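Spelled out from the first residue to the last, the chains are:
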Amino acid sequence: MVENVAGPSTFTNDPQRHKIVEGQFSLQSSVRHTHLLPNKRTAVVLVDAFFINTHGFLQVFERQIFLGELERCYSDPLSTEPSWLCLLNLVFAIGLMLATPQPGSNESVTIEKLRSERLDRAEVFYLNAKSLNDPMTGFEDADFWSVQALLLMSVYMLAKSKRNTAFALLGMAVRSAYALGLHREETMVIFSPDEQAARRNLWRSLFVVDRFLSCSLGRPTAISEDDCSGDTLRPPNSHGDTDAFGFNATFPSTSTFNQTSTFALEAAVRSCSVIGKILKRVYQQRKISTRLAQEIADTCKLWPKALAPSLHWRQAATASPSQGIAILHVNLFYCHSIVLLTRPFFLFILNAEAQKDVTQSMTGVRPGRNHSRMEKFSEACVIASTHTIVLVQNAFEAGYLPRRNPTVIYFLFAATLVILANEFTSLYTNLTEDQCILNAVAVMAYCAEGDQQASRLLYILSTFRDAVAAQRAHKNRSHTGMMGMGSITAQMYATSQQQPHISSPLHTTHQPPLHQTPVHVYPDLHCSPYLNTDYATQTRHAPSSHPDHIQNPAQPSAPIRSPHSTAGNPPDLAFNPTFSRPISLSNVLDLSALDAARAPSLHSEESSGPDEDIDFDALWAWPSSTPALGSPRFGADAAAGVQGASESAVPLFAVISGNERPRGKTSGDVTS
């Protein structure tokens, strides 16, 4: 799309674009393994770093039980089982890779000392673990500890940028877990309550990592929810659930670390369950309809109701590193489930708008913009992507964001691509978009200092950003050229203001204003306890109900600040990209407060227009020279076209609207 609109660039001619980055081990295979453990103080630092930075993503161990085992290990190391030493070394390896201690602290001194050594100490810990008791040896005799070890090895490989290896190791862990019956509730009865909780948490951790690998690598899932029974994935009824999936949960006012870990893991499982449904019903089928998207969106909007208050994104401003990482993980998974669901609609409208740019460059006239049911999903994709960047930026500014967290790196990259693509075509007005892009690239550069995958993604984002800047400069030059055509043009413009029926390159009816991000996905201004009074007292123009005319928002009395600025605004606030309102993460897809005069809600069966389908294979079929004919059209432009430019000349990529079916296909070829 970028190449067809803006021509070749460093971004489109990236020589590595068809390759996957795979990290390499720095130590030779002949290196002798000493199996020595670090001193106890260093061990505690590494173990704490592991639990802090996997909070809300993994719960392989119960923290207090693990610390008790650590104490026994250092009290009597000769009696420690090799299997537990294997797990301990894997914890050391992951903890060292993800550790982000506060500068100047004792923990920081310890971590920097380990990282400054000539050898990659995390790699040494990993290889020590394999040498002590490799879980892949005697795979057919796998036990519970070996499933734990294989999962930890997979996570280590993800942080090492060895994603193919991580994918293979996770597959081994899942199959061993199936053999042990971790997916079946009825196998739990012979175990103690603590053992049952450990087995359930391990299975859920496998599920979360499986769904993450599947959505990030585009590969089939290893775990089928249809094979699971009882509460192996669903939250238990121990804290007041009245719904089978925990959407009416109640939570204690204060929570221990282990309780918070359980709540966080359950929240991640809920998001990953939705992600799995999207992968199966949308991406595996390679098509999506607005009806199906609305059905899944109704599930998405229930997610915040089951979220523990301590994990709400607004708590990030005052959270400890452990709580902050848990907030980051669970909310990133939620945001990405929305991005996955809505991105096909965003790409469809993005491609349509990009082709209109081409049409405008050739004819001087831009085809009209129609507001279909897809529009709301497309907008939600941009909003959720903005949230993702803000969440990561908050953790970065708070000083506890790891450089090598694979989930953060991937979610940030996916969100920034959406924001850059939105800016490339000027699809939705976003007054903070430049700051979002700047922050996203800066955070990726921070991660790239220690992560090969982040370094690769930084290159992609930087070259895409340059392509966007070049396209923006081109549009500005074109606009300036029209503005500087001399007195004749000025006279024509003045005349056109008096006689609107006279055509002029500057006549605004030929170039509808950019569509704005909907105000209805945000709460009322007075609802946020963190809101700055200057923003609360600002007034906004309500958008016009006319589909082709949307008024510009009133300018705020103070300059628009970065949504991440700590000057006058709490760092956890994300602002409405158009109206500078605080975004409620829980309301990203909750459109119940929608003004009926604006547009129908995503969650209303009364949404305007018929159900619309997108076929993925047709979505990528960018026309080379002759636009496709016979594409469905929407609204008034479908009947009359726009100033002589027929909408049918702008291909809409196999969208099926209502009873209309593509030419040359029988009714059996058309999805409902």
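Before reading on, note that the structure itself is shown above.
Bear in mind that the values here come from a model prediction, so they are computed numbers and not experimental data.

**So, helix α3 (residues 63–75)**
Logical step 1: Taking 1.5 Å of rise per residue, 13 residues should cover 18 Å, and α3 covers 18 Å from first to last C-alpha, within 8% of that figure.
Logical step 2: Restricting attention to buried positions, one finds in α3 the residues R63, F66, L70 and C73. Taken end-on, α3 shows its buried residues confined to a sector of 80 degrees, consistent with a single buried face. In α3, the exposed positions that point more than 90 degrees away from the buried face belong to Q64 and S75.

**Regarding empty space enclosed by the protein**
Logical step 1: Tallied over the full model, the rule gives 7 cavities of 30 Å³ or more.
Logical step 2: Considered as a void within the structure, the second largest cavity measures approximately 90 Å³ in volume.
Logical step 3: Surrounding the second largest cavity, 13 residues form its lining, F51, L58, Q59, F61 and S261 being those nearest its centre.
Logical step 4: Elements with a minimum of two residues in the lining of the second largest cavity: α2 (40–53) and α10 (257–283).
Logical step 5: Ranked by residue count, the leading element in the lining of the second largest cavity is α10, at 3 residues.
Logical step 6: The residue inventory of the lining of the second largest cavity, partitioned by class, reads 6 nonpolar, 5 polar and 2 charged.

**Details of the packing of aromatic side chains**
Logical step 1: Summed over all chains, the structure comprises 19 aromatic pairs.
Logical step 2: Ring centres of F66 and W84 lie 5.3 Å apart, and the angle between their planes is 35 degrees; on these two criteria the pair is classed as tilted. Separated by 18 residues along the polypeptide, F66 in helix α3 and W84 in helix α4 (residues 82–98) bring together distant segments of the chain. For the pair shown, F66 and W84 are each scored as buried.

**Side note on unusual backbone geometry**
Logical step 1: Although it is not a glycine, R286 adopts a positive phi angle of roughly 60 degrees.
Logical step 2: Within the secondary structure, R286 sits in the loop between α10 and β1 (287–289).
Logical step 3: Positioned with a positive phi, S426 is a non-glycine residue whose angle comes to about 50 degrees.
Logical step 4: Note on placement: S426 falls in the loop between α14 (406–425) and β2 (428–429).
Logical step 5: Using a relative accessible area of 24% as the deciding quantity, one classes S426 as partly exposed.

Conventions used here
Residues numbered from 1 in each chain as written. Predicted model: local features only at pLDDT ≥ 70, side-chain atom pairs only at ≥ 80, totals over all residues. Heavy atoms only, no water. Helix = DSSP H or I, 4+ residues; strand = E, 2+ residues; numbered from the N terminus. Expected span 1.5 Å × (residues − 1). Buried < 20%, exposed > 50% of the residue type's maximum accessible area, 1.4 Å probe, protein only. Arc of directions from axis to C-beta. 1 Å grid on protein atoms, 1.4 Å probe; cavity = no way out; pocket = protein on both sides within 12 Å on 5 of 7 lines; lining within 4 Å. Points joined across faces, edges and corners; volume = space filled by probe spheres on them. Nonpolar A, V, L, I, M, F, W, Y, C, P; charged D, E, K, R; others polar. Phe/Tyr/Trp six-rings, centres within 6.5 Å; stacked < 30°, edge-to-face > 60°.

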